[in-house]
Amino acid sequence: MMLVDGKWEGPIVDQHMHLDRENRFISAAEEFSRSGGTEIFLVHKPSFSKTLPTDLNGYREVYRDTIKMAEIVRKKTELKVNVVLGPHPVVWDIQANDIGVKASSELHISAVGLALDMIEEGEAICLGEVGRPHYSVPEDRWTEANDLLLEIMRMASSSNSPVQLHVEENGNQTCRDIATLCDRSGLSKRRTVRHFAPSDISYQGTSGLPVTVSMGKGSIEGICSTISDNSSPWGMETDFLDDPRRPGAVLGPKTIPKRTHQLCQALTIKGWDKAEIENCMLNVHERWIESTYF
Ligand SMILES: [Zn+2]
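What you see is a predicted model; the values in this text were computed from it and never measured.

Asks: Explanation requested: helix H6 (residues 172-185) in the structure shown.
Replies: Every α-helix carries 3.6 residues per turn, so stepping three or four residues along brings you back to the same face. For H6, which comprises 14 residues, the first-to-last C-alpha distance of 20 Å matches the rise-based estimate of 20 Å (1.5 Å per residue) to within 8%. Residues of H6 that are buried include every one of Thr-174, Cys-175, Ile-178, Ala-179, Leu-181, Cys-182 and Ser-185, and no others. End-on view of H6: buried residues confined to an arc of 160 degrees, all on one side of the axis. Opposite the packed face of H6, turned more than 90 degrees from it, sit the exposed residues Asp-183 and Arg-184. Backbone geometry just downstream of H6 places Gly-186 in the positive-phi region, at approximately 85 degrees.

Structural data, given as structure tokens:
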């Protein structure tokens, strides 16, 4: 029904995208929409190049700006836009160097609290991206990062909010660790999304957590070789940065529609029939999003 001559004409969602008023902004959203995209998760982007918030009012201001950007995108395109708000773990690490770990952690936790309040009020739908540094840090900093993440996940659990996690890449161990943190914090695994995930969607790779796969080169092959009936929920993302200083550093706005079509073709070659492919596409771009975030 939605697969017409091998081409998917149903919903297509980029679950992790950033936009920047000073770079492409609307034109990037329009490009995604023109390519067949229907929905994005607009994730708050810290302004690393300028000044970072140093108090809660600062955070309120930058979160509000992300919400406003989402409103503009909704007005100017047909896209559904879901807002994701939270303090970035790299900001915590940078500010720990400036103001000390204790002050940075306090600011970070209050910024999480503010984001959760705004989610409760319906201004955003998910906490993120929160997590821990993806690069190696001194051991004491790593311990602090993990204590902080546990506290963040407890807070998300208390307000029953879904979370998009920014974490390091360490093979199967990464999701295994997160699953343990879910157990310790009480945060439902169903609500805990690992963002920027590799394309191994086997249970060993995801530990049963929902993941959003970074859809770069090789991702279709990775998905096709690990996909099975008992894959945990997975989705697609670009982590488009909209950063003029790093053009080409990440995937562009057309990527998810393009990869969606490529995946349909690859699954056809793998021997899947039309109904199976349609079912898979509806899971990825609709049902699993509902069950994870809503
Ligand atoms: Zn991101």
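Asks: Would you mind showing me how to read unusual backbone geometry here?
Replies: Excluding glycine, most residues fall at negative phi; most peptide bonds, likewise, are trans. Each neighbour pair has its own omega, and for Gly-128 with Glu-129 the value is -10 degrees, a cis peptide bond. Following the sequence through the fold, Glu-129 ends up in strand E6 (residues 126-131). In this model, Asp-239 sits at a positive phi of 55 degrees, which is unusual for a non-glycine residue. Its place among the elements puts Asp-239 in the loop between strand E10 (234-237) and helix H9 (255-269). Of the residues examined, Asp-239 reaches a relative accessible area of 12% and is grouped as buried.

Asks: Explanation requested: the environment of Thr-77 in the structure shown.
Replies: On the secondary structure map, Thr-77 appears in the loop between helix H2 (56-76) and strand E5 (80-85). Thr-77 sits 45 residues away from Phe-32 along the chain, and the two C-alpha atoms are 9.9 Å apart. When residues no more than four places from it in sequence are discounted, the contact partners of Thr-77 are Ala-29 and Glu-30. Among the polar contacts listed, one links the side chain of Thr-77 to the backbone oxygen of Val-73, at a separation of 2.7 Å. Engagement of the side chain of Thr-77 in a polar contact is seen with the backbone nitrogen of Leu-79, the distance being 3.1 Å.

Asks: Please clarify how the coordination of the zinc ion should be interpreted in this entry.
Replies: Taken together, the protein donors to the zinc ion comprise His-16 (NE2), His-18 (NE2), Glu-129 (OE) and Asp-239 (OD), at separations of 2.1 to 2.5 Å. Angles of 87 to 176 degrees at the metal separate the four donor atoms of the zinc ion, which places the site in the irregular class. Counting residues between consecutive donors of the zinc ion along the chain gives the motif H-x1-H-x110-E-x109-D. A residue pair is termed long-range when its members are at least 10 positions apart, and His-16 in strand E3 (residues 13-17) and Asp-239 in the loop between E10 and H9 qualify at 223 residues.

Asks: Hey, could you run me through the pattern of salt bridges in this one?
Replies: Close approach of charged atoms lets side chains of opposite charge pair. A complete count under the given rule lists twelve salt bridges for this structure. Between Arg-24 and Glu-31 there is a salt bridge, and its shortest N-O distance comes to 3.0 Å. Each member of the salt-bridge network shares a partner with another, and the members are Arg-132, Glu-168 and Asp-177.

Asks: I would appreciate a short explanation of the side chain of Ser-161 in the present structure.
Replies: With respect to the element layout, Ser-161 can be found in the loop between helix H5 (139-158) and strand E7 (163-166). Leaving out residues up to four positions away in the same chain, Ser-161 has contacts with Leu-116, Ile-119, Cys-126, Leu-127, Ala-156, Leu-187 and Arg-191.

Asks: Sorry if this is basic, but what is going on with the pairing of strand E8 (residues 192-197) here?
Replies: Residues in a regular strand project their side chains so that they alternate between the two faces of the sheet. For E8, a buried count of five out of six residues is recorded, marking the element as mostly surrounded by other parts of the structure. As paired elements, E7 and E8 share three bridges and run parallel to each other. Each residue of the ladder has a partner; that of Val-163, found in E8, is Thr-192. A crossover connection joins E7 to the parallel E8 through H6; in handedness this β-α-β unit is right-handed. In the sheet, E8 pairs with strand E9 (residues 211-214) via two bridges, with the strands oriented parallel. By the bridge assignment, Arg-194 is partnered in E9 with Val-211.

Asks: Where do I start with the packing of helix H8 (residues 219-226) against H9 in this structure?
Replies: Helix-helix packing is characterised by the crossing angle of the two axes and by the distance between the axes. Packing of H8 against H9 leaves a shortest axis separation of 10 Å and a crossing angle of 40 degrees. If you check the angle between H8 and H9, you find them oblique. Where H8 crosses over H9, the handedness of that crossing is right-handed. For the pair H8 and H9, the contacting residues are Ser-219, Ile-220, Ile-223 and Cys-224 in the first and Arg-259, Gln-262, Leu-263, Ala-266 and Leu-267 in the second. Classifying every residue of the contact of H8 with H9 by side-chain character gives six nonpolar, two polar and one charged.

Asks: I keep staring at the pairing of E5 and nothing clicks. Help me out?
Replies: In terms of burial, E5 is a largely internal element, five of the six residues being buried. With five bridges connecting them, strand E4 (residues 39-43) and E5 associate as parallel partners. In the sheet register, Ile-40 faces E5, and the bridge partner there is Val-81. As a crossover connection, the stretch from E4 through H2 into E5 is right-handed. Where E5 lies against E6, two bridges are found, and the strand directions are parallel. Bridge pairing in E6 places Leu-85 opposite Leu-127.

Parameters and conventions
Residues numbered from 1 in each chain as written. Predicted model: local features only at pLDDT ≥ 70, side-chain atom pairs only at ≥ 80, totals over all residues. Heavy atoms only, no water. Helix = DSSP H or I, 4+ residues; strand = E, 2+ residues; numbered from the N terminus. Expected span 1.5 Å × (residues − 1). Buried < 20%, exposed > 50% of the residue type's maximum accessible area, 1.4 Å probe, protein only. Arc of directions from axis to C-beta. Contact = heavy atoms within 4.5 Å. Polar contact = N/O pair within 3.5 Å; in protein donor to acceptor, adjacent residues only side chain to side chain. Donors = N, O, S within 2.8 Å, 3.2 Å for Na, K, Ca; no water. Tetrahedral: all angles 85-135°; square planar, octahedral: opposite > 155°, others 65-115°. Salt bridge = Lys/Arg side-chain N within 4 Å of Asp/Glu carboxyl O. Pairing = 2+ DSSP bridges. Right-handed = clockwise from strand over helix to strand, strands pointing away. Axes fitted to C-alpha atoms, helices over the stretch in contact; angles between N-to-C directions. Parallel < 35°, antiparallel > 145°, perpendicular 65-115°, else oblique. Left-handed = near helix turned anticlockwise from the far one by under 90°. Nonpolar A, V, L, I, M, F, W, Y, C, P; charged D, E, K, R; others polar.

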